[in-house]
Amino acid sequence: MVRSDFLTLNLFCMWVVFTCLTGCDTNTQSASLPDKVDFNFHIRPILSDKCFTCHGPDANQRKEDLRLDTEEGAYGPLKDYADRHAIVPGNPMMSEVYRRISSDDSTEVMPPLESNLKLTSREVKLIEKWIKQGAEYKPHWAFVAPERPDIPQVSQQSWVTNEIDYFILNKLEEVNLTPNQKADKGLLLKRLAFDLTGLPPTLELQRRYLTDNSPESYEKVVDELLESPHYGEKMAIHWLDVARYADSHGYQDDGLRTMWPWRDWVIHAFNQNYPYDKFLTWQLAGDLITDRNIETILATGFNRNHKITQEGGVIDEEYRIEYVTDRTNTFGKAFLGLTFECAKCHDHKYDPISQKDYYSTFAFFDKVPEKGLFGTIDASFADPPNMKITDDDVAGVIKFVNKKDTAAVEVMVMKDSAGIRTTHILNRGNYDAKTDTVHTSTPEAILAYDTTRLGTNRLGLTKWLLDRNNPLTARVFVNRLWQEIFGRGIVKTSGDFGMQGDLPSHPDLLDWLAVDFMDHGWDIKRLVKQIVMSSVYTQSSATSKKQTERDPENIYLSHTNRVRLGAEMIRDHVLASSGLINPEIGGPSVKPYQPEGIWESSTSGRGLLQFYVQDHGSDLYRRGMYTFIKRTVPPPGMLIFDASNRDQCEVRRLSTNTPLQALVMLNDPTVLEGSRVLAESLILKENDEEMIEEAFQRIVCRPIKLAEKTLLLSYLEEERTRFAQDKEQAEKFVNIGEHPHQKIKDKVELAALMQVVHTIYNMEEAITKS
């Protein structure tokens, strides 16, 4: 229907992308309006960050973009309708947007009836109040430097342990929810042990903590686990995803590379509690600092973890540009939490990152003396620039590298060319379509880059990142650490703090944590302890009907999220609880059990990685993070449990539930072998109850309940009867794995107990933090 007397604002796009009032909250529609309506956190999610189509009298002939995400677009006169404005600050009734969304006239109301979308009355009132208060626009929240907010007031003071709890409780009280009480000690210890070390608590630690009723018992365990050498391993797992660490080059030939010394450095850095500013600086520019040494240079391997081709016949410059592109994209996502890659071919569609900004940042990483193809698959050296690590180095500066033989180890590292390569904007990102020349710089919308003060190399770039006025660096890191502990970041889209990312669920808490982190010297262990000592971390995972109805995603954290263990931790849990684990830290990656033919079916037919050669002995029982990662064929069991294939920077793993995961737990040789080894160690107990109680305590990490014990005792008897009738099957069942077998004659008894242990490993609770 065409109407000549009214300007029809087509706001349809706005509500298509509309998710909720706060960008992630669907449960506050009945909440009272805030005293001050904030554009970023109340209005932008409704208006979205899109262009809005404006139709005139002849809708088929007249169509232009109306921008409601900027002051200029919203305040200016409507084209061809100079007396009308989309938004008039202070006057809702003169604002065409408000008039349409509040209209009762079905021919005028927006969004149109045919869209089947509708604003809630609260959303309409929010827009009205915002306009009355002056319709103030603000820059995107993530591009404004954080300031330390005041600690909010709460009524339930007794629940609070530290500052974090004030922010959580304040929000809970706003939405009429109450937090849970403290979790059961056994479950809390399991949660803490996996979060800090990636391993289950030992029986000795469980017994010690459960019998310690002193007020400081929990903090003592926290400190103990933070000092464990396995803390560095757990923290490193996520960083290896971020840094796209792998043991092969990728692409078609996917040849062998040696970057495990860099991986060992990451573990060492976390164990030594290198502050984040040092951790960041050494990885981005350890070759450029004044007091550089072999360790700081090794740290720059971060920038060389990208894929590298070894295929003859490729165009050298095309692949060199790919490597620099990878480093630039990784920089943007790893340290800024932005989708830099979207600006490679054109200006970013949503964030204030132009194509010129992209290639100006690209220029920092464009000085490496490298080629797109240096050596083919037969090359026996690391692509330059590289460094050699000798026995003397291991005995001196880098005592943490777990070197296995006397031969020097070559590792790819960073180095800048003596001459400065000229960087160009590439038309549509094509390597051979050079246009304007650019110089090293960064997106001004984030923070202007002062070349005079900072210089033009990667060291200057790290100083820019660590500037107190940089709005993203600290926020991005504390959010990612929160995500790894709680299963979801304060900003859910931890890799996208831009316009299309989710808004923070607790913006003041995020800013408080970021500022506090910087104020205390970027101390990572202190931040971890701060989080795990909070009441919000230690509360139980029990849920009520009210909690699930008002906050089904548990965004406000009225209870702890139940989170399945990560791929590496599932393997580690089986190895540790069964007694199989080799606790050695660092060293070359290993090749545990894997189904036959996987590598062979995907090989190019060249190089050292055509065939999967399984390791033996103690190397079969290394932690999951040491499993060899071939990019074209990642470890299948890990992949099924959502591990990264390490093709590119990944800051948040998906969490899926598939039948394949159940099949892995039922049939994986490591799970079966762990069940056999644990059963062998338990079979000498005095009675069935003791065997089942200890197995359950080791695997589930809590005392078994009477009903559970009764069920498992009954199952043990059933399995004894079944295997007694088929002793050959019992022999076959226990004949699993290469770990030496105990001399146990009664295979029927062993098989029955092994089946019970295997069943416990297959409990959902066994591989879940709760």
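About the thresholds
- Sequence order as written defines residue numbering, which begins from 1 separately in each chain.
- Local features in this predicted model are restricted to residues of pLDDT 70 or higher, and side-chain atom pairs are both shown and tallied only at a pLDDT of 80 or more, whereas totals for entire chains, interfaces and linings draw on every residue.
- To obtain the side-chain values, all non-hydrogen atoms of the structure were included, while hydrogens and water were left out.
- pLDDT measures how confident the predictor is about each residue, on a scale from 0 to 100.
- Should any heavy atoms of two residues lie within 4.5 Å, those residues are considered in contact.
- Think of each axis as a best-fit line through the C-alpha atoms, taken over the contacting stretch in the case of a helix, with angles from 0 to 180 degrees between the N-to-C directions.
- Put simply, DSSP marks the helices as runs of H or I at least four residues long and the strands as runs of E at least two long, and each gets a number from the N terminus on.
- Geometric relationships in this document are graded by angle, where less than 35 degrees denotes roughly parallel, more than 145 denotes roughly antiparallel, 65 to 115 denotes roughly perpendicular, and other angles denote oblique.
- Note on convention: near helix rotated counterclockwise from far helix by under a right angle means a left-handed crossing. Clockwise means right-handed.
- Residues are grouped as follows: Ala, Val, Leu, Ile, Met, Phe, Trp, Tyr, Cys and Pro are nonpolar; Asp, Glu, Lys and Arg are charged; every other residue, Gly included, is polar.
- Multiplying 1.5 Å by the helix residue count minus one yields the expected span of that helix.
- To sort residues, take the accessible area from a 1.4 Å probe on protein chains only and compare it with the maximum for the residue type: under 20% means buried, over 50% means exposed, and anything in between is partly exposed.
- The term disulfide is used for any two cysteine sulfur atoms that are within 2.5 Å.
- Exposure above 30% relative accessible area and the absence of a salt bridge qualify a residue for a patch, where like charges join within 9 Å and nonpolar side chains (Val, Leu, Ile, Met, Phe, Trp, Tyr) within 5 Å.
- What sets the accessible areas is the Shrake-Rupley method with a 1.4 Å probe; for residues, cover comes only from the shown protein chains.
- Here, a salt bridge means any side-chain nitrogen of Lys or Arg that lies within 4 Å of a carboxyl oxygen of Asp or Glu.
- Side-chain rings of Phe, Tyr and Trp, where Trp is taken by its six-membered ring, are said to pair if the distance between their centres is within 6.5 Å; with planes under 30 degrees apart they count as stacked, over 60 as edge-to-face, and otherwise as tilted.
- Only when the NZ atom of a Lys or the CZ atom of an Arg is both within 6 Å of the ring centre and within 35 degrees of the ring normal do we say a charge sits over the ring.

Colleague: Please give an account of the confidence of the model for the chain that cites residues and values.
Modeller: Regions with low pLDDT should not have their predicted coordinates read in detail. Here the chain shows a mean pLDDT of 91. Residues at 70 or above account for 93%. Counting contacts from residues 1-30, a segment whose pLDDT is below 50, to residues more than four positions away or on other chains yields 96 contacts. Within the model, the stretch residues 49-64 combines pLDDT values under 50 with 50 contacts to residues more than four positions away or in other chains.

Colleague: Go over the packing of helix α7 (residues 185-197) against helix α8 (residues 203-210) with me, naming the residues and quoting the values.
Modeller: One way to put it is that α7 packs onto α8 with a least axis distance of 10 Å and a crossing angle of 135°. In terms of axis orientation, α7 runs oblique to α8. Seen along the crossing, α7 lies across α8 with a hand that is right-handed. Mapping the contact onto sequence places K185, G186, L188 and L189 in α7 and L205, Q206, Y209 and L210 in α8. Residue composition of the contact of α7 with α8, grouped by class: five nonpolar, two polar and one charged.

Colleague: Account for helix α20 (residues 507-519), with residues named and values stated.
Modeller: If you check α20, its first and last C-alpha atoms are 18 Å apart, about what 13 residues at 1.5 Å a residue would give, namely 18 Å. With ten of its 13 residues buried, α20 lies for the most part within the structure. Turning to α20, its buried residues are L509, L510, D511, W512, L513, A514, V515, D516, F517 and M518. Looking at the buried residues of α20, the elements they touch are α6 (163-174), α12 (276-285), α19 (473-486) and α21 (524-532). Phi turns positive, to about 70°, at G521, one or two residues after α20.

Colleague: Break down the packing of α20 against α21 for me, citing the residues and quoting the values.
Modeller: Running from amino to carboxyl end, α20 crosses α21 at an angle of 145°, the nearest separation of the two axes being 10 Å. Classified by chirality, the crossing of α21 by α20 is right-handed. Two secondary-structure elements touch here, α20 through W512, L513, D516 and F517 and α21 through I524, R526, L527 and Q530. By residue class, the composition of the contact of α20 with α21 is five nonpolar, one polar and two charged.

Colleague: Any details on the state of the cysteines? Residues and values, ideally.
Modeller: Applying the stated criterion across every chain, the model contains zero disulfides. Between C342, a free cysteine, and C345, which holds the nearest cysteine sulfur, the sulfur-to-sulfur gap is 9.6 Å. Accessibility expressed as a relative area gives 33% for C342, which makes it partly exposed. With no disulfide of its own, C649 has C342 as its nearest cysteine by sulfur position, at a separation of 13 Å. The buried category is assigned to C649, whose relative accessible area is 10%.

Colleague: With reference to specific residues and values, describe a nonpolar patch on the surface.
Modeller: A surface patch of nonpolar side chains, about 270 Å² in accessible area, is lined by L660, L663 and L666. By secondary structure assignment, the location of L663 is in helix α27 (residues 659-667). Of the residues examined, L663 reaches a relative accessible area of 45% and is grouped as partly exposed.

Colleague: Give me the lowdown on unusual backbone geometry, citing residues and values where you can.
Modeller: Between M110 and P111 the backbone carries a cis peptide bond, its omega angle lying at 0°. For P111, the position within the fold is in the loop between α4 (96-101) and α5 (121-132). P385 follows P384 through a cis peptide bond whose omega is 0°. Within the element layout of this structure, P385 appears in the loop between α15 (355-362) and β6 (386-389). Phi at Y251 takes a positive value of approximately 60°, unusual for a residue other than glycine.

Colleague: Pulling in residues and values, what's your account of the packing of aromatic side chains?
Modeller: Per the counting criterion, the structure on display carries 38 aromatic pairs. Centroid distance Y276 to F279: 6.4 Å. Interplanar angle 35°. Geometry classified as tilted. You can see Y276 and its partner F279 sitting in helix α12, three residues apart, about one turn around the helix. According to the relative accessible area criterion, Y276 is buried, its value standing at 1%. Relative to F362, the ring of Y359 has its centre 5.2 Å away and its plane inclined at 55°; by these criteria the two rings are tilted. Taken together, the residues Y359 and F362, both in helix α15 and three residues apart, mark about one turn of the helix. Of the two residues, Y359 and F362, both sit in the buried class. In this structure, K182 is placed above the aromatic ring of Y218, and the distance from its NZ or CZ to the ring centre is 5.2 Å. When the ring centre of F302 is taken as reference, the NZ or CZ atom of R244 above it lies at 5.6 Å.

Colleague: Describe in detail the environment of G495, supporting the description with residues and values.
Modeller: Looking at the secondary structure, you find G495 in the loop between α19 and α20. Accessibility expressed as a relative area gives 13% for G495, which makes it buried. Taking the C-alpha atoms as reference, G495 lies 32 Å from T603; in sequence the two are 108 residues apart. Non-local contacts of G495, meaning those with residues more than four positions away in its chain, are made with K333, G337, L338, T339 and V651.

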